[in-house]
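Fold and contact review
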Amino acid sequence: GAGVSQSPSNKVTEKGKDVELRCDPISGHTALYWYRQSLGQGLEFLIYFQGNSAPDKSGLPSDRFSAERTGGSVSTLTIQRTQQEDSAVYLCASSVGGRGSPGETQYFGPGTRLLVL
Amino acid sequence: AQSVTQLDSQVPVFEEAPVELRCNYSSSVSVYLFWYVQYPNQGLQLLLKYLSGSTLVKGINGFEAEFNKSQTSFHLRKPSVHISDTAEYFCAVSSNTGNQFYFGTGTSLTVIP
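Just so it is clear, the structure is predicted and the values come from calculations on it, not from any experiment.

Some thoughts on the overall build of chain B
Secondary structure assignment for chain B yields zero helices and twelve strands. Across chain B, helices and strands are ordered from the amino to the carboxyl terminus as β-β-β-β-β-β-β-β-β-β-β-β. Over its C-alpha trace chain B gives a radius of gyration of 13 Å, about what one expects of a compact globule, namely 13 Å for 113 residues. Dimensions of chain B along its principal axes, counting C-alpha atoms only, are 40 × 30 × 20 Å. Per-residue burial over chain B gives 46% buried out of 113 residues.

Structure, rendered in structure tokens:
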């Protein structure tokens, strides 16, 4: 079946603009994660959605970052007033049960490469 | 909380030579351990994981890793690498309650012809 998809694959924007990044998880996966991958850094956790529960936003670096998950499926990560330090690869992952199923595999999308000029 | 350390940021190795990518973790609770691989311009995919049982875990593409609790390590090995193994490799840890996932900074493996 189809894997996790993300769009756009690349995004170039000017400092101060808002951007929206989209993630389509694998059908039937209840958990969805967003990560940020910066050069030379590991994967930085941003936000976690599980079903209809309140999301875990503890990884969002500032209030310029927000995310939604509509209908328990598609998710959008929004970065307002982008800064140059926001340049990174933003990865989305989904899994069947999420944190309620410790040890299960996360399936990753190809990422969105964001460049803020 | 847990954390993961991958000491080697870059590992060059000749084709058909063996390789070991090191991963150490810290945790005050029991953990699950993972290795993911990221090929150029792709997302991460699972290579192998340790949940319980045998400490030697075999994964895809001929990779294996050994969980060593006393040394808090989970090193990844392959006896003979191929050009196609050139990629970024990430070690990750989560508690056995799965509340949070922590990734290392990655090791870039370059296989030289």
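Let us keep going from here.
What about the interface of chain A and chain B?
Contact residues are listed per partner, giving 19 residues for chain A and 22 residues for chain B. Taken together, the links from chain A to chain B amount to zero salt bridges. Taken together, chain A and chain B are joined by four residue pairs in polar contact (both at pLDDT 80 or more). Secondary structure elements with two or more residues in the side of chain A that touches chain B: β4 (31-37) and β5 (43-50) of chain A. For the side of chain A that touches chain B, the per-class residue count stands at seven nonpolar, nine polar and three charged.

Re the layout of surface pockets
Considering only enclosed or pocket space, the largest pocket measures out at about 420 Å³ in volume. In terms of lining, the largest pocket is formed by 19 residues, of which the most central are Gln-37 and Leu-39 of chain A together with Gln-38, Glu-88 and Phe-90 of chain B. When residues of the lining of the largest pocket are traced back to their parent elements, those giving at least two are β10 (87-95) and β12 (107-112) of chain B. The biggest single contributor to the lining of the largest pocket is β10 of chain B, with three residues.

A closer look at the sheet that holds strand β1 (residues 5-7) of chain A
All names here are of chain A. Taken in spatial order, the four strands line up as β1-β3-β7-β6 in an open sheet, and their pairing is antiparallel. Of all the strands in the sheet, just β1 and β6 (65-69) have a single pairing partner and so form its edges. Across the sheet, the mean angle separating the axes of adjacent strands is 15 degrees when strand polarity is ignored. In the sheet, strand β3 (residues 19-24) pairs with strand β7 (residues 75-79) via five bridges, with the strands oriented antiparallel. Residue Val-19 lies in a different strand from β7, and its bridge partner there is Ile-79.

What about the pattern of salt bridges?
Any two side chains of opposite charge can pair, given that their charged atoms come close. Inspection of every chain in the model, using the stated rule, returns nine salt bridges over all chains. A salt bridge links Arg-64 of chain A to Asp-86 of chain A; the shortest N-O distance between them is 2.8 Å. Taken together, the residues span a long stretch of sequence, with Arg-64 of chain A in the loop between β5 and β6 and Asp-86 of chain A in the loop between β7 and β8 (88-95) at a distance of 22 residues. In this structure, Arg-64 of chain A and Asp-86 of chain A share a single accessibility class: buried. Between Glu-64 of chain B and Lys-58 of chain B there is a salt bridge whose closest N-O contact spans 2.8 Å. Salt bridges linked by common partners bring Glu-20, Glu-66 and Arg-77 of chain B together as one network.

Quick word on the packing of aromatic side chains
Per the counting criterion, the structure on display carries 14 aromatic pairs over all chains. Taking the centre distance of 4.9 Å and the plane angle of 40 degrees together, the rings of Tyr-33 of chain A and Tyr-48 of chain A count as tilted. Of this pair, Tyr-33 of chain A sits in strand β4 while Tyr-48 of chain A is found in strand β5, placing the two residues 15 residues apart along the sequence. Judged by relative accessible area, which is 6%, Tyr-33 of chain A ranks as buried. Judged by relative accessible area, Tyr-48 of chain A falls into the buried class, the value being 7%. With a centroid separation of 5.4 Å and an interplanar angle of 85 degrees, the aromatic rings of Tyr-35 of chain A and Phe-103 of chain B are classed as edge-to-face. Of this pair, Tyr-35 of chain A sits in strand β4 while Phe-103 of chain B sits in strand β11 (residues 101-103), which puts the two residues in different chains. The same class applies to Tyr-35 of chain A and to Phe-103 of chain B, which are both buried.

Procedures and definitions
Residues numbered from 1 in each chain as written. Chains lettered and ligands numbered in written order. Predicted model: local features only at pLDDT ≥ 70, side-chain atom pairs only at ≥ 80, totals over all residues. Heavy atoms only, no water. Helix = DSSP H or I, 4+ residues; strand = E, 2+ residues; numbered from the N terminus. Rg over C-alpha atoms; globule rule 2.2 N^0.38 Å. Buried < 20%, exposed > 50% of the residue type's maximum accessible area, 1.4 Å probe, protein only. Contact = heavy atoms within 4.5 Å. Salt bridge = Lys/Arg side-chain N within 4 Å of Asp/Glu carboxyl O. Polar contact = N/O pair within 3.5 Å; in protein donor to acceptor, adjacent residues only side chain to side chain. Nonpolar A, V, L, I, M, F, W, Y, C, P; charged D, E, K, R; others polar. 1 Å grid on protein atoms, 1.4 Å probe; cavity = no way out; pocket = protein on both sides within 12 Å on 5 of 7 lines; lining within 4 Å. Points joined across faces, edges and corners; volume = space filled by probe spheres on them. Pairing = 2+ DSSP bridges. Axes fitted to C-alpha atoms, helices over the stretch in contact; angles between N-to-C directions. Phe/Tyr/Trp six-rings, centres within 6.5 Å; stacked < 30°, edge-to-face > 60°.

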